[in-house]
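Report on the structure
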Amino acid sequence: MVIHKEYALRRFCEVPLKHELSKCLLEKICVHPALLKKLVFVTSREYLSNTMVVSQMGTADVGFELQLGSESEYLTLVNGDLRREKQQTREAPIQDPLKAWDVLLDFNGILHVQLVFKEETPDWYEEIAVPNEAIPPAALAAGYSAFIREQVDLILWAITLKGQIDEALRTRDEELFVKSVRLYKEVCHSCFWTL
């Protein structure tokens, strides 16, 4: 059986929702084909941009929240120190479904929707919801963590080598320059990210 977005929203509304106006919003979305096409149901909204969460009565999660915008994290080198910086372009979260409707009418893009159930997640939702690929499965978490640590080490090594290259150029040390450039190229080739 193929589950459609409208069917999923209507099934979700069959039980009481934590925020009573959420049902009204979901019903409006159901009869708005252009907005319905923008929805992507997810198992978790963590690390995703443009998210909406709606919870059933009796859950520990927030009743309703619409969060638009994005967040990115990157590493920068400032005065020889590696710094982790976050750039956020998020609007303040909207927790009123009626205000969310006005915002969604002008929304362009994909909206990641997480429906939170009081009891076990029903089969019909598991069929339509896509896993959040930003969160590795538990079985892969250890390997994923090791991969990230290795990549961070490579980045740090590349930064150190870049400093050595600059120093070799400044002091006109040809031997250090050749050695550092060779290693720098190998590190850049092994690194997942473009340096």
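Refer to the structure above for everything that follows.
Small disclaimer: the values here were computed from a predicted structure and weren't measured.

Cut-offs and rules
- Residues numbered from 1 in each chain as written.
- Predicted model: local features only at pLDDT ≥ 70, side-chain atom pairs only at ≥ 80, totals over all residues.
- Heavy atoms only, no water.
- Patch = residues over 30% accessible without salt bridge, like charges linked within 9 Å, V, L, I, M, F, W, Y side chains within 5 Å.
- Areas by Shrake-Rupley, 256 points an atom, 1.4 Å probe, with all protein chains shown as cover.
- Salt bridge = Lys/Arg side-chain N within 4 Å of Asp/Glu carboxyl O.
- Lys, Arg positive; Asp, Glu negative; His and termini not counted.
- Charge placed at Lys NZ, Arg CZ, Asp CG, Glu CD.
- Helix = DSSP H or I, 4+ residues; strand = E, 2+ residues; numbered from the N terminus.
- Buried < 20%, exposed > 50% of the residue type's maximum accessible area, 1.4 Å probe, protein only.
- Phe/Tyr/Trp six-rings, centres within 6.5 Å; stacked < 30°, edge-to-face > 60°.

Looking at a negative patch on the surface
Taken together, the side chains of Glu 119, Glu 120, Asp 123, Glu 126 and Glu 127 define an acidic patch exposed on the protein surface. Of note, Glu 127 is situated in helix H5 (residues 123–128). Using a relative accessible area of 46% as the deciding quantity, one classes Glu 127 as partly exposed.

Brief notes about the pattern of salt bridges
This model, assessed by the stated rule, comprises six salt bridges. Of the charged contacts in the structure, one is a salt bridge between Glu 6 and Arg 10, with a shortest N-O distance of 3.1 Å. On the criterion of helical spacing, the pair formed by Glu 6 and Arg 10 is a turn pair, its members being four residues apart in helix H1 (residues 5–12). Across the pair Arg 45 and Glu 65 runs a salt bridge whose closest N-O atoms are separated by 2.9 Å. In this pair, Arg 45 is assigned in the loop between strand S1 (39–41) and strand S2 (51–55) and Glu 65 in strand S3 (residues 64–67), connecting sequence segments 20 residues apart.

Looking at the packing of aromatic side chains
Tallied over the entire structure, the rule returns six aromatic pairs. Ring centres of Phe 12 and Phe 117 lie 5.2 Å apart, and the angle between their planes is 90°; on these two criteria the pair is classed as edge-to-face. Pair noted here: Phe 12 is in helix H1 and Phe 117 is in the loop between strand S6 (111–116) and H5, with a separation of 105 residues, a long-range link. Among the residues examined, Phe 12 registers a relative accessible area of 0% and is labelled buried. Relative to Tyr 125, the ring of Phe 41 lies with its centre 6.1 Å away and its plane at 80°, an arrangement referred to as edge-to-face. Here Phe 41, found in strand S1, pairs with Tyr 125, found in helix H5; they are 84 residues apart in sequence, far enough to count as distant.

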